[in-house]
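Commentary on secondary and tertiary structure
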Amino acid sequence: RFLSTVPKRLTSTERSLGLAKVPDWKIVEGRDAIYRRFEFKDFSEAWGFMSRAALAAEQINHHPEWFNVYNRVEVTLSTHDCDGLSQNDINLATKLDEFAIGLKS
Ligand code: H2B
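Below or above, wherever it landed, is the structure these notes cover. (Residues numbered from 1 in each chain as written. Predicted model: local features only at pLDDT ≥ 70, side-chain atom pairs only at ≥ 80, totals over all residues. Heavy atoms only, no water.)

**Structural notes on the site of the ligand**
So the rule is basically this: Proximity criterion: a residue is near a molecule or strand once any of its heavy atoms comes within 4 Å of it. Polar contacts here mean pairs of N or O atoms no more than 3.5 Å apart (in protein, one a potential hydrogen donor and the other a potential acceptor; neighbouring residues in sequence count only if both atoms are side-chain atoms). Areas reported here follow the Shrake-Rupley algorithm with a probe of radius 1.4 Å; residue values treat only the protein chains shown as occluding. All amino acids are sorted into three groups, where Ala, Val, Leu, Ile, Met, Phe, Trp, Tyr, Cys and Pro are nonpolar, Asp, Glu, Lys and Arg are charged, and the leftover types, Gly among them, are polar.
Taken together, N61, H62, H63, S78, T79, H80 and D81 make up the full set of residues adjacent to the ligand. Between D81 and the ligand, the recorded distance is 2.8 Å, taken from a backbone N or O atom to an oxygen atom. In isolation the ligand exposes 400 Å². Once the protein is present, 70% of that is buried. In terms of residue class, the shell around the ligand is built from no nonpolar, six polar and one charged.

So this is what it looks like as structure tokens:
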């Protein structure tokens, strides 16, 4: 069903390249993870974003930690399989950025 390769933690070079692609995401203090806060017009828009995000996450078998209140969605990405950032986090962050384009954030 899924390609069951264990994700690898990014090397420092891969990390710089990867993070440069998602400049709106910030490194979490004290943890090898990235974070972005999305703000939308209202709950309906936030939920639309979350629906697309959930389907994309399931497709790539990489799932966000997130928190939603009304029009705000706070997302933390990290890879528990390697206890840090992997390419999967960059890939999912890139997709979430795309889904939020055109929506108020
Ligand atoms: N999501 C995230 N964020 N990190 C992982 O390491 C991860 C995941 N691993 N989703 C996947 C699922 C793994 O646990 C399952 C068994 O495929």
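**Description of the packing of aromatic side chains**
Quick note on the threshold: Whether two aromatic rings pair depends on their centres lying within 6.5 Å, for rings of Phe, Tyr and Trp, where Trp uses its six-membered ring; planes under 30 degrees apart make the pair stacked, over 60 edge-to-face, and the rest tilted. Working definition: helices are DSSP H or I runs of at least four residues, strands are E runs of at least two. Numbering for both runs from the N terminus. Burial here depends on accessible area, computed with a 1.4 Å probe over protein chains only, as a share of the maximum for the residue type. Under 20% is buried, over 50% is exposed, and the range in between is partly exposed.
Tallying each qualifying case throughout the model produces five aromatic pairs. Measuring from centroid to centroid gives 4.7 Å for F38 and F49, while their planes differ by 40 degrees, and the two rings are tilted. Here F38 is found in strand β2 (residues 34-39), whereas its partner F49 is found in helix α2 (residues 43-59), with 11 residues between them in sequence. Residues F38 and F49 agree in their burial class; the two are buried. Look at F43 and W47: their rings are 6.0 Å apart centre to centre, the planes differ by 20 degrees, and that puts the pair in the stacked class. Pair noted here: F43 and W47 are both in helix α2, with a separation of four residues, about one helical turn. F43 gets classed as partly exposed once you look at its relative accessible area, which sits at 38%. A connected cluster of aromatic rings, assembled from ring pairs, spans W25, F38, F40 and F49.

**A word on the side chain of R15**
The line we're drawing: Working rule for contacts: check all heavy atoms of both residues, and any pair within 4.5 Å makes them a contact.
Note that R15 resides in helix α1 (residues 12-21). In terms of polar contacts, R15 uses its side chain to reach the backbone carbonyl oxygen of L10, at 3.4 Å. Ignoring anything within four residues of it in the chain, the contact list for R15 reads R9, L10, D32 and L85.

**Notes on the pattern of salt bridges**
Side chains that differ in charge, positive against negative, can pair when their charged atoms come close. Our working definition: Salt bridges are counted wherever a side-chain nitrogen of Lys or Arg sits within 4 Å of a carboxyl oxygen of Asp or Glu.
In the structure shown here, the tally under the stated rule is eight salt bridges. A salt bridge links D32 to R15; the shortest N-O distance between them is 2.7 Å. Pair noted here: D32 is in the loop between β1 (26-27) and β2 and R15 is in helix α1, with a separation of 17 residues, a long-range link. Neither residue differs from the other here; D32 and R15 are each classed as buried. For D97, the salt bridge identified is with R36, shortest N-O distance 2.6 Å. With D97 in helix α3 (residues 87-100) and R36 in strand β2, this pair connects stretches of sequence that are 61 residues apart. Via salt bridges that share partners, R9, R15 and D32 belong to a single interconnected network.

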